[in-house]
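Residues per chain are reported as follows:
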Number of protein chains: 2
Amino acid sequence: MPQSDTVNRQWILNRRPKGEPDADTLKLIETDVPQPGPGEMLLRAEYLSLDPYMRGRMSDAPSYAEPVEIGGVMVGGTVSRVVASQLDGFAEGDWVLNFGGWQDYTLSDGTEVTNLGKNPDNPSWALGALGMPGLTAWAGLTKIGQPKPGETIAVAAATGPVGATVGQIGKILGCRVVGIAGGPEKCSYAVETLGFDACIDHKADNLKENLAEATPDGIDVYFENVGGKVLNAVLPRLNDHARIPVCGLVSQYNATSLPDGPDRLNWLMSQILIKRMTLRGFIVFEEFGQYYNEFASEVGGWIRDGKLHYREEVIDGLENAPNAFAGLLRGENFGKRVIRLGKD
Amino acid sequence: MPQSDTVNRQWILNRRPKGEPDADTLKLIETDVPQPGPGEMLLRAEYLSLDPYMRGRMSDAPSYAEPVEIGGVMVGGTVSRVVASQLDGFAEGDWVLNFGGWQDYTLSDGTEVTNLGKNPDNPSWALGALGMPGLTAWAGLTKIGQPKPGETIAVAAATGPVGATVGQIGKILGCRVVGIAGGPEKCSYAVETLGFDACIDHKADNLKENLAEATPDGIDVYFENVGGKVLNAVLPRLNDHARIPVCGLVSQYNATSLPDGPDRLNWLMSQILIKRMTLRGFIVFEEFGQYYNEFASEVGGWIRDGKLHYREEVIDGLENAPNAFAGLLRGENFGKRVIRLGKD
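From a predicted model like this one, the values you see are computed outputs, not experimental measurements.

Where do I start with the overall build of chain A in this structure?
For chain A, the helix and strand inventory stands at ten helices and 15 strands. Within chain A, residue pairs in contact and separated by at least 24 positions form 57% of the contacts whose partners lie at least 6 positions apart.

Below you can see the structure in the form of structure tokens.
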């Protein structure tokens, strides 16, 4: 079924999937090839990227992006060629990176289209290592993960476009890199070709034990692509101040379970991703001791000016401290509870 | 049982508690008052702070701080007076902030002791609003929570020393502040005295519904002191880009359950706290689009120089996209999967 000059084949969303997408989820239809008007160009897709995020677009659960409507063309990144152009800066035959979706032809006014030129090397790479997955890997690792030389990076989906880039950048930056991938073939590719220090097969037994053995100094950066059992194996290995760029949770995209069951942890992780939240534990003096004077001056002023109330509960007698403390854990205190020692 | 000039009463850790601390957890003993040598001073505690973190010190579970040893004096922040000094900068009668623990007397060489002077106003406040809890509230809210005017802040343990300070600073900064506290008395204090916009009683029915009603625009900053059912009620209300300074999880400090059950979510939150982790979801182009050129130049160079491999799986035929995508979600792909449209 080759591309035609007159027919535009489109995969439209036919039904929202429950769990794994099936044969009813998408439907192939044929429409006419549109004609570009002034200020437009007609693009014919050469490459369509497939990425896990697309599962999210099939669902109407709340997320950071609008879902595809029923009957709408599935979205996706594409590398296309210009068939006809009435638009400055784009000529017939140019290769472009666009977001044309799962179809042969799109009209475009040039918005969010990158011209790759007449004869690019490896144009499809603009959908991978030099495109969204590559940028995801690079930015997530260097801007959020911020690995230091000698640290250990764990990467799930280690041979995927994101994971492979993450792990290799980690090696370039002087880190120990441990991948997690499905099957011995992927694992040996990660070690032998990509240069990872180790790669654990999550389909084999003893995932936790094998990961522990491969990370003798723990894990400093976990690049989260997967969730599920990989996350469960990683969690106990995380070092203090571990950084987890939450990039994807592919093991959960087909999940249909309710968030109140044992999957609540994965649900939290999904929320962190979907809502781009920051969760960050802190120990006050470890990070913020240097702000003490600024704090004391500002808050002290607010108290002095009556803008900030402070309530305390003074309990006399050191001997009463254990009961007072037990009550504190039960929430019986009302304000800051302190023991006064000198007045009994 | 007043303070004595010759006896040093000490609460020592007698047995590590399982669940809630009980009468066997701590034991009161009496020892001699120590004598300061050259370069030392003798401090007599006036105020001992009680704080939820102390529960952690009773336990030998891994945490950011060493546990108190069995037989050791319980740790804690104190406001003390100098009884005798052979140390420059500290004279008899001075008030000091120190970390003397649960006992009357301590010797000190001045390390980590703050001199509060001869006659400070409200010396005990150095254990509260002007001390560790206050700094915790201020730094956690302003440096991590980073609320903007008009945003909604939710604060658990709303009338505790941290929560009350958080909420009031939130009001000063122009935010809507919703507290969560135990019982009608605390709630009316939060609203009427502290000036919170609302306060939800977590002991009443309908916590989730009441919180939803009090946060019509969702929650932008959740200052986490509590965990448990409060966290569960807060999670669905969190807005995109919500920030959660994870400061404490007092509802969980007595927990004895295993992390593999339905409490795994709370366990994750504990880990974030204990390990000072950063979890942060991100959407690559939303945050990192401006780095595209830097990224492309750096990664492109690594690929050119053979330092970075890139593998893709080219599948011909748009018609094959759904199956190829379903396989991707099952992990059948090996490298970056792309559909090639023009070659079939």
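Next, the rest of the story.
Help me understand the confidence of the model for chain A, please; the structure alone is not making it clear to me.
Regions with low pLDDT carry predicted coordinates that are not meant to be interpreted in detail. All names here are of chain A. Within chain A, residue pLDDT values average 84, and 86% of them lie at 70 or more. Element-level pLDDT for chain A is lowest in helix α8 (residues 284-288), with a mean of 61, against a maximum mean of 97 in strand β10 (residues 198-201). Per-residue pLDDT stays below 50 along residues 257-263; that stretch engages in six contacts with residues further than four places along the chain or on separate chains. Reported confidence for the predicted complex is 0.80 by ipTM and 0.83 by pTM.

Help me understand the packing of helix α2 (residues 132-145) of chain A against helix α3 (residues 161-172) of chain A, please; the structure alone is not making it clear to me.
A pair of packed helices is captured by two measures, namely the crossing angle of their axes and the spacing between those axes. Residue and element names in this part refer to chain A. At a minimum axis separation of 8 Å, α2 and α3 run at an interaxial angle of 40°. Classed by the angle they form, the pair α2 and α3 counts as oblique. Between α2 and α3 lies a crossing of right-handed hand. On α3, the residues that touch Pro133, Gly134, Thr136, Ala137, Trp138 and Leu141 of α2 are Pro161, Val162, Thr165, Val166, Ile169 and Gly170. When the residues that make up the contact of α2 with α3 are grouped by side-chain class, the tally is eight nonpolar, four polar and no charged.

Would you mind showing me how to read helix α4 (residues 184-192) of chain B here?
Every α-helix carries 3.6 residues per turn, so stepping three or four residues along brings you back to the same face. Residue and element names in this part refer to chain B. When α4 is considered as a whole, its buried residues turn out to be Lys186, Cys187, Tyr189 and Ala190. Angular distribution of buried residues about the axis of α4 spans 160°; they occupy a single face of the element. Seen from the open side of α4, the exposed residues pointing more than 90 degrees away from its buried face are Pro184, Glu185 and Glu192.

Help me understand α2(A) in this model?
Judged by how many residues are buried, α2(A) sits mostly within the fold: 13 of 14 residues are covered. Looking one or two places after α2(A), you find A:Gln146, whose phi comes out positive at around 45°.

Would you explain the pairing of strand β8 (residues 152-156) of chain A in this entry?
Side chains on a regular strand alternate between the two faces of the sheet. All names here are of chain A. Counting buried positions along β8 gives five out of five residues, so the element sits mostly inside the fold. Where β8 lies against strand β9 (residues 176-181), five bridges are found, and the strand directions are parallel. Residue pairing for β9: Ala154 is matched across the bridge by Val178. One crossover worth recording links β8 to the parallel β9 by way of α3, and it is right-handed. In this sheet, strand β11 (residues 219-223) lies alongside β8 in parallel orientation, the contact comprising three bridges. Bridge pairing links Val155 to Phe223 in β11.

For this particular structure, what's the right way to read unusual backbone geometry?
Glycine aside, residues mostly have negative phi, and peptide bonds are mostly found in the trans state. Residues and elements named next belong to chain A. Here Gln146, not a glycine, exhibits a phi torsion of approximately 45°, which is positive. Tracing the backbone through its elements, the reader meets Gln146 in the loop between α2 and β8. For Asn206, which is not glycine, the phi dihedral falls at a positive 65°. You can see Asn206 is positioned in the loop between β10 and α5 (207-214).

Would you take a moment to explain the environment of A:Gly100 for this structure?
Residues and elements named next belong to chain A. Inspection of the secondary structure assignment puts Gly100 in the loop between β5 (95-98) and β6 (105-108). On the basis of neighbour count, Gly100 is assigned to the buried category, with 27 C-beta atoms found within 10 Å. For Gly100, the residues in contact, after removing those within four places along its chain, are Leu43, Ala45, Thr78, Ser80 and Thr106.

It is not clear to me how the environment of A:Leu48 should be interpreted in this structure. Could you clarify?
With respect to the helices, strands and loops of the structure, A:Leu48 is situated in strand β3 (residues 41-49). Among the residues examined, A:Leu48 registers 28 C-beta atoms within 10 Å and is labelled buried. Along the chain, A:Leu48 and A:Leu97 lie 49 residues apart, while their C-alpha atoms are 10.0 Å from each other. Sequence-distant contacts of A:Leu48, that is, excluding residues within four places in its chain, are made with A:Gly76, A:Thr78, A:Trp102, B:Leu318, B:Ala321, B:Val338, B:Ile339 and B:Leu341.

Is there a simple way to think about the environment of A:Lys336 in this case?
The topology assignment puts A:Lys336 in strand β15 (residues 336-340). Owing to 28 C-beta atoms within 10 Å, A:Lys336 belongs among the buried residues under this scheme. Ignoring sequence-local partners within four residues, the contact set of A:Lys336 consists of A:Arg311, A:Glu312, A:Glu313, B:Gly128, B:Pro133 and B:Pro161.

Definitions and limits used
Residues numbered from 1 in each chain as written. Chains lettered and ligands numbered in written order. Predicted model: local features only at pLDDT ≥ 70, side-chain atom pairs only at ≥ 80, totals over all residues. Helix = DSSP H or I, 4+ residues; strand = E, 2+ residues; numbered from the N terminus. Contact = placed C-beta atoms within 7 Å. pLDDT = per-residue confidence, 0-100. Axes fitted to C-alpha atoms, helices over the stretch in contact; angles between N-to-C directions. Parallel < 35°, antiparallel > 145°, perpendicular 65-115°, else oblique. Left-handed = near helix turned anticlockwise from the far one by under 90°. Nonpolar A, V, L, I, M, F, W, Y, C, P; charged D, E, K, R; others polar. Buried ≥ 20, exposed ≤ 12 C-beta atoms within 10 Å, placed from the backbone. Arc of directions from axis to C-beta. Pairing = 2+ DSSP bridges. Right-handed = clockwise from strand over helix to strand, strands pointing away.

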